[in-house]
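Listed below, chain by chain, are the residues.
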Amino acid sequence: MSHPLPPAKTIEALPKALQYIARQLEAKRALKPADMRRIVLEAGVQPVDIAPWADYDHPAADSYGRKLIYEGDHFEIMAMSWQPGDFSGIHDHGYTEWGAVQVFGPAEHATFRIEEGRITTLARFSFEPGDVVGVSHTLVHQMGNPTAEPFQTLHVYGRPEDIENVTGDARVYDLQNQTIQRVDGGVFFALPESEVKWTEPGPKADFPTLLRYQVELTRRLKRMAEAGLPGAREQLEAAAQRLFSDAAQSQLLKDLKAHTNADNHTDNSVFWRILNQELRAAAQLQNELAETATQGDQFHKYAALYDELICRPCLKGFIAGGLEFFKQKFAPDFSAKRFLSIGAGTGLVERYIIDELGLPYDQLLGMDLSQAMVQEARQRIRAEQGDILAFDADGKEWDIAFTGLNVFHYLPSRHLQEAIEKTAALVKPGGYFLGDFITPDHIRWYPNVMYAEDQSIISLRTPRLIEEEGRMYQESEILNIEFRNGQMDLNYAGRHKRFLPPLHRVRTYFERAFGGNVMLYDAYSLELIPEEADSCKSTRYFVVAQKA
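Because the structure is predicted, anything quoted here is derived from the model rather than measured.

Draft legend 1. Layout of the environment of Thr153. Tracing the chain through its elements places Thr153 in strand E8 (residues 151–158). Through-space distance from the C-alpha of Thr153 to that of Phe104 is 5.7 Å; in sequence the pair is 49 residues apart. Not counting residues up to four positions away in its chain, the partners in contact with Thr153 are Ile50, Met78, Ala79, Met80, Trp82, Val101, Gln102, Val103, Phe104 and Met143. Looking at Thr153, its side chain comes within polar contact range of the side chain of His155, at 2.7 Å.

Listed below in structure tokens is the structure:
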């Protein structure tokens, strides 16, 4: 149990570093935030200097610990204590005209812009322990502790004229109700009416700013409910219901339209970074609040997302056309063909082959590494778990081997050639391989936003090119948002990496493994790609290889 000291009555009672700050402020009142920052840095404050005012056992209703160290005629020196998960409300600093904050832990700091009745997030980033930031009268910000360890921060606020409460009349922004609360104390979430002097109309937040506000409000109410505070459980349930409802779908769609171009590429990197950051925080909270769900239930939801966002659009966009093209040009009659799909996923594409291209159900076998995917696929096709690198065909051969949705690119680069050779071994002489691949410059097409046809599912994708051991990969961070039945479900899918071999290497691997004709076609135009080409217009291509 912490027992913080009361405020020091004299400057001499302060630690030496804090004495230096206080004397500098006694001597000079006309300061700027940069001056205040310099003074704090010169003082050389250490964590031990403010430790006597630590208040880690602050009430659950307080968003952080807040203790006055020393009060001058026109300035205040305070210590804030931050338990893991503590976050302030979004606020300014009342009568403060200059100040500085020094952090002694990896604090998270967000700044905001208020303009024409709108509030948006300018930045959200982490400080390094020891960092000092200046504070002006116009600063609207939020601080918190996203880590697992507690720490303190030093706060110095002042103005040129004498005043009883430098940080009094601060604005706390209630974004849920679009109001501003005027307070003389802590800038906390879920303030009781007794702590608010009055309220006034406030700005409207964009989607990411409102989302993160609701996340931190819900986290604070969760702490209060766990502490057994009266009414907190009901407030928590109401806040969580608002947070994860579909009420903000139209605002999200509007914001995405404003910050992406016709090709669904973002044209505002700051907005994009903040949007993804705030959605990750919301996804983490949703997982914490969710009742225990079975792994099968979770995967079934992912499989539905996969079909809506990836399989159906790609089937409609180029795979169906490529399959029709292949059938007409290389295998007009599917009725007698044995067909092996490698990496069949949910079996949606394979079901199309059965239903639309005349392939008998019993003659198609789907294979996938994931047992969960196989269970999904079995609702549509014959499927079994298997790894192409270790698949035991027991002497069986197929007329056609197929890979859809650039399956081979997800293999480690060292296994690509081996996978192609293993595939060739499963194909009859005279049989074919058909599969789609992506070019090394696929990132120029790859959209940042993908939508289900009815826009009930939105997928945010942040790609980058990386190099590992001389090989190029496209790594994509993926976050999915689904609006169904009045709810918003968030799925942070993490980072996915795809190997990007040059076209000539892919062609060479197939020529060596199959020993027959190998042709590459643009997946959309279906035009033959010349042997000397490094890419194609759509950045997707089909490989057709016949086994000698």
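From this point, things continue past the structure.
Draft legend 2. Local environment of the sheet that holds strand E21 (residues 487–499). Read across the sheet, 4 strands follow the order E18-E19-E20-E21 without closing on themselves; strand pairing throughout is antiparallel. Each edge of the sheet is formed by a strand with only one pairing partner; in this case those strands are strand E18 (449–451) and E21. Ignoring which end each strand starts from, the neighbouring axes of this sheet average 20° apart. Bridge count for E18 against strand E19 (residues 457–468) is 3 bridges, and the pairing is antiparallel. Bridge pairing in E19 links Val449 to Leu460.

Draft legend 3. Region of interest: the confidence of the model for the chain. With 98% of its residues at a pLDDT of at least 70, the chain reaches an overall mean of 95. The low-confidence segment residues 292–297 (pLDDT under 50) makes 1 contact with residues lying over four places distant or belonging to another chain.

Draft legend 4. Highlighting the packing of helix H1 (residues 16–27) against helix H2 (residues 33–43). At a minimum axis distance of 8 Å, the contact between H1 and H2 shows a crossing angle of 150°. Taken together, the axes of H1 and H2 are roughly antiparallel relative to one another. Crossing hand, H1 versus H2: right-handed. Two secondary-structure elements touch here, H1 through Ala17, Tyr20, Ile21, Gln24 and Leu25 and H2 through Met36, Ile39, Val40, Glu42 and Ala43. In the contact of H1 with H2, the residues fall into 8 nonpolar, 1 polar and 1 charged.

Draft legend 5. Structural context of the pattern of salt bridges. Following the criterion strictly, the structure yields 32 salt bridges and no others. Note that Glu278 and Arg212 form a salt bridge whose closest N and O atoms lie 2.7 Å from each other. A residue pair is termed long-range when its members are at least 10 positions apart, and Glu278 in helix H7 (residues 269–289) and Arg212 in helix H4 (residues 207–226) qualify at 66 residues. Grouping residues by exposure puts Glu278 and Arg212 together as buried.

What counts, and at which threshold
Counting from 1, residues in each chain are numbered in the order their sequence is written. Under the rules for a predicted model, residues below a pLDDT of 70 receive no local features and side-chain atom pairs below 80 are neither given nor counted, while totals for whole chains, interfaces and linings still include all residues. Only hydrogens and water are set aside when side-chain values are computed; all heavy atoms of the structure are taken into account. Helix numbering and strand numbering both begin at the N terminus, where a helix is a DSSP run of H or I of at least 4 residues and a strand a DSSP run of E of at least 2. The contact criterion used throughout is that any non-hydrogen atoms of two residues lie within 4.5 Å. Identification of polar contacts relies on pairs of N or O atoms within 3.5 Å, with a donor-acceptor requirement for protein atoms, meaning one able to donate a hydrogen and the other able to accept it, and with residues adjacent in sequence counted only if both atoms are side-chain atoms. At least two DSSP bridges between two strands are needed for those strands to be called paired. Every axis corresponds to a line fitted to the C-alpha atoms, with the helix fit spanning only the stretch in contact, and the corresponding angles, defined between N-to-C directions, vary from 0 to 180 degrees. The quantity called pLDDT is the predictor's confidence in a given residue, expressed from 0 to 100. Angular relationships are summarised with four words: roughly parallel below 35 degrees, roughly antiparallel beyond 145, roughly perpendicular across 65 to 115, and oblique for the angles in between. Handedness of a crossing follows from how the near helix is turned relative to the far one, being left-handed for an anticlockwise turn of less than a right angle and right-handed for a clockwise one. Charged means Asp, Glu, Lys or Arg here, nonpolar means Ala, Val, Leu, Ile, Met, Phe, Trp, Tyr, Cys or Pro, and polar covers whatever is left, Gly included. One speaks of a salt bridge when a side-chain nitrogen belonging to Lys or Arg is within 4 Å of a carboxyl oxygen belonging to Asp or Glu. Think of it in three bands: with a 1.4 Å probe and only protein chains considered, a residue is buried below 20% of the maximum accessible area for its type, exposed above 50%, and partly exposed in between.

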